[in-house]
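# Descriptive analysis of the structure
Each chain, letter by letter, is given below.
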Amino acid sequence: MHNGHQSNGSRAGSGHDSKTIVMGAGPAGLCSAYVLSKAGAHATVVEAAPFVGGLARTIRRQSDHGEFKFDIGGHRWFTKNEDLNDLFREVVADELLWVNRVSRIYFDGKYVDYPLKIASALKAVGPVTAARAVLDYGRIRAKQRVKPAEVKSMEDAYINQYGETLYKLFFQAYSEKVWGLKCDQLSGDWVSQRTKGMSLVTAIKDAIIPSKGKVVSLIDQFMYPREGFGRFSERMADSIEEAGNEIRLRNAVEKIVLDGNRVTGIRVRTENGSEFIEGDNFISSIPFTVLVKIMEPAAPQDVMDAADSLTFRDIITVNLMIKKRQVTHDTWLYVHDRNILFGRFHEPKNWSPAMVPGDDYTSLVIEYFCTKGDHIWNMSDEQLVNQSVKHLVEDLDFVTPDEVIGGFTLRATKAYPVYDLHYQEPLLKMKNYIQSIENLQYIGRGGSFRYNNTDHSIETGMLAAKNLLGEQHNLEAVNADEEYHEIKREQASVV
Ligand SMILES: Cc1cc2nc3c(=O)[nH]c(=O)nc-3n(C[C@H](O)[C@H](O)[C@H](O)COP(=O)(O)OP(=O)(O)OC[C@H]3O[C@@H](n4cnc5c(N)ncnc54)[C@H](O)[C@@H]3O)c2cc1C
């Protein structure tokens with residue numbers, strides 16, 4: 001069943017009595033093991049790090065003032081999929097909070113609502129630029145009607161949707177910070193995955209007259225675990241272990257051993273050396289580019305080359321502990337200015353007061369998008385902390401130096417799969433190869449080289465597990481619709 005679909009891996013000893021090995025204990029891998037554990041099936045999770053949660057974990061830091069908690073960039077839970085909402089609620093249970101979302105963009109010394117609210121944007125740029133933005137937009141719409149332009153790059157996609165003026169003001173600089181490439185070097189796929197359905201005309205109309213069937217933001221409120229997003233993973237891990245299954249931390253997968261088109265086992269590096277773990281079914285959430293390169297026997301050379309041509313973007317967070325009640329009201333603040341190297345920050349206390357030791361304290365998590373080895377990555381931790389504080393004091397006027405009582409950095413690699421202009425062909429080649437292996441499924445964000453948030457990451461994990469329990473799901477269909485993730489059409493009820 002390989003026509004573009006992943007194998008359901010169920011040919012040898014499917015279901016409850018077979019042994020499943022899950023690689024990676026981020027939300028996706030844990031979700032597979034959680035679903036299998038709930039069904040009474042066997043699952044062993046192997047994780048390279050000494051902790052669970054992957055990119056979605058929460059770091060705890062003791063200070064003289066008490067404990068601070070930091071996500072790797074704030075993680076909110078949102079999804080349109082009620083099965084996933086149910087799972088999230090079931091796992092997080094009594095630790096669940098609802099958080100109001102208020103986010104802004106800082107650019108040119110001004111603030112604009114985020115997601116980009118056109119009325120607020122036009123007001124911030126002044127009448128002359130606003131008029132140019134509307135004219136530009138009118139021109140692009142008229143042109144589209146006569147002959148729709150081909151969308152190849154991220155730049156094409158943004159200009160087609162917003163016109164050149166708004167693109168240059170609100171999308172270009174930030175996108176280039178996030179991805180480290182010019183927008184004409186990036187694929188338009190990311191934009192169509194993220195912003196389909198947003199139209200300037202609709203936005204202006206909606207700002208003036210609330211219409212029926214109006215586009216409603218799903219994320220004005222979102223769910224969040226009281227003690228940090230990492231609790232979602234930690235609680236899944238607890239349930240997996242309570243069901244008698246095992247999570248092996250500090251077990252880095254080094255080889256996937258094949259016999260023909262089946263995996264027989266994996267070789268892991270442990271603290272004491274190396275070990276071979278056998279299994280019947282395998283689920284991988286480790287980076288896709290790594291997976292295809294650790295096959296034994298090795299994957300064909302063209303597949304290895306394909307893996308080498310795909311890249312990830314990395315991230316450094318600067319985590320500041322602050323003796324002040326509150327810095328902003330924002331959930332996130334996006335920083336577009338090119339002379340400020342960080343791209344975004346959030347104030348964890350605005351998400352949950354339990355993220356800081358008491359009411360007199362707050363904290364900030366500042367995100368630097370970078371690539372291992374570049375000028376940002378090569379900055380020392382001290383430089384990064386000092387530079388962040390300097391911008392907060394001098395440019396943003398948010399804190400005074402003495403209010404910052406401590407700071408540290410966290411470096412995470414392979415945080416964002418980069419969709420450059422040529423990523424699809426090599427990715428397809430890699431998928432065709434992996435899909436030819438009967439009892440191996442790939443899931444997650446890095447694991448499928450797909451820009452999945454936690455909802456889509458765990459959806460693939462959940463479906464991979466269900467495939468092993470006898471259902472038939474195509475994991476490639478997850479997050480494949482191009483509808484904007486964060487909005488839904490509400491048909492009735494808008495008065
Ligand atoms: C800055 C930032 C902000 C984000 N904000 C949000 C948000 O607001 N909402 C949201 O829903 N999502 C958000 N996300 C996305 C979210 O983090 C991911 O969707 C999610 O973590 C993906 O889960 P995963 O299990 O697929 O991958 P990961 O979390 O990356 O987990 C993969 C695991 O595999 C392990 N691993 C890797 N190699 C090996 C190996 N060789 N052997 C064994 N183990 C290995 C890793 O150590 C890791 O634990 C954000 C991501 C980032 C970077």
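Structural data are supplied above this passage.
A brief report on the enclosed structure follows. These numbers were taken from a predicted model, which means no experiment stands behind them. (Residues numbered from 1 in each chain as written. Predicted model: local features only at pLDDT ≥ 70, side-chain atom pairs only at ≥ 80, totals over all residues. Heavy atoms only, no water.)

### As for helix α5 (residues 164-179)
The end-to-end C-alpha distance of α5, which contains 16 residues, comes to just 20 Å, noticeably less than the 22 Å that a straight helix rising 1.5 Å per residue would cover. The largest bend in α5 amounts to roughly 45 degrees and is located at Phe171. Burial of α5 is extensive: 13 of the 16 residues sit out of reach of the surface. Trailing α5 by a residue or two, Gly180 shows a phi angle of about 70 degrees, which is positive. (Helix = DSSP H or I, 4+ residues; strand = E, 2+ residues; numbered from the N terminus. Expected span 1.5 Å × (residues − 1). Bend = angle between axes of the 7 residues up to and from the residue. Buried < 20%, exposed > 50% of the residue type's maximum accessible area, 1.4 Å probe, protein only.)

### A look at the sheet that holds strand β19 (residues 362-370)
Across the sheet, 7 strands lie side by side as β7-β6-β17-β18-β19-β16-β20; this open sheet has mixed pairing. Since the sheet does not close on itself, it has two edges, and those belong to β7 (110-114) and β20 (404-417), each with one partner. The mean inter-strand angle of the sheet, taken between neighbouring strand axes irrespective of direction, is 20 degrees. Running at roughly 100 degrees to strand β16 (residues 312-322), α5 makes contact with β6 (103-107), β7, β16, β17 (332-335), β18 (344-346), β19 and β20 of the sheet. (Pairing = 2+ DSSP bridges. Axes fitted to C-alpha atoms, helices over the stretch in contact; angles between N-to-C directions. Contact = heavy atoms within 4.5 Å.)

### Here we look at helix α12 (residues 424-435)
Between its terminal C-alpha atoms α12 stretches 16 Å, which fits the 16 Å expected from 12 residues at 1.5 Å a residue. For α12, the full list of buried residues reads Pro426, Leu427, Met430, Lys431, Tyr433, Ile434 and Gln435. Contacts from the buried residues of α12 go to β11 (252-259), α9 (288-291), β15 (295-296), α10 (301-309) and β21 (440-442).

### A short note on the packing of helix α1 (residues 27-38) against helix α8 (residues 230-242)
It is at 9 Å that the axes of α1 and α8 come closest, and there the two elements cross at 35 degrees. Like other packed secondary-structure pairs, α1 and α8 cross with a definite hand, here left-handed. Here α1 contributes Pro27, Leu30, Cys31, Ala33, Tyr34 and Ser37 to the contact with α8, which in turn contributes Phe232, Ser233, Met236, Ala237, Ser239 and Ile240. When its residues are assigned to classes, the contact of α1 with α8 shows 9 nonpolar, 3 polar and no charged. (Left-handed = near helix turned anticlockwise from the far one by under 90°. Nonpolar A, V, L, I, M, F, W, Y, C, P; charged D, E, K, R; others polar.)

### Topic: the nonpolar core
Counting 124 residues, the largest nonpolar core has Phe170, Ile266 and Ile434 as its most contacted members. Broken down by element, the residue count for this core peaks at 9 residues, all from helix α3 (residues 118-146). In contact with Phe170, not counting residues within four places along its chain, are Ile105, Phe107, Val112, Leu116, Ala121, Val125 and His336. (Core = buried A, V, L, I, M, F, W, Y, C linked by side-chain atoms within 4.5 Å.)

### Considerations on the environment of Ser175
Turning to its location among the elements, Ser175 is positioned in helix α5. The spatial distance from the C-alpha of Ser175 to the C-alpha of Glu155 is 9.6 Å, given a sequence separation of 20 residues. Among all residues touching Ser175, those that are not within four sequence positions of it are Met154, Tyr158, Gly180 and Cys183.

### Comments concerning the environment of Arg267
Counting through the fold element by element, Arg267 comes out in strand β12 (residues 262-270). What makes Arg267 partly exposed here is its relative accessible area of 33%. For Arg267, the residues in contact, after removing those within four places along its chain, are Ala252, Val253, Glu254, Lys255, Ser274, Glu275 and Phe276. Within polar-contact distance, the side chain of Arg267 engages the side chain of Ser274 at 3.4 Å. (Polar contact = N/O pair within 3.5 Å; in protein donor to acceptor, adjacent residues only side chain to side chain.)

### Notes on the pairing of β6
Counting buried positions over the 5 residues of β6 gives 4, a clear majority of the element. Where β6 and β7 come together, 5 bridges link them in antiparallel fashion. Looking at the pairing, Arg104 lines up with Asp113 of β7. Two successive antiparallel strands, β6 and β7, enclose a turn made up of 2 residues, where Asp108 displays a positive phi of approximately 55 degrees. Relative to β17, β6 runs parallel, the two sharing 4 bridges. The residue bridging Tyr106 from the neighbouring strand is Val335, located in β17.

### Overview of the side chain of Ser448
Mapped onto the fold, Ser448 is located in the loop between β21 and α13 (454-468). For Ser448, the contacting residues outside a window of four places in its chain are Phe288, Leu427, Lys431, Tyr442 and Ile443.

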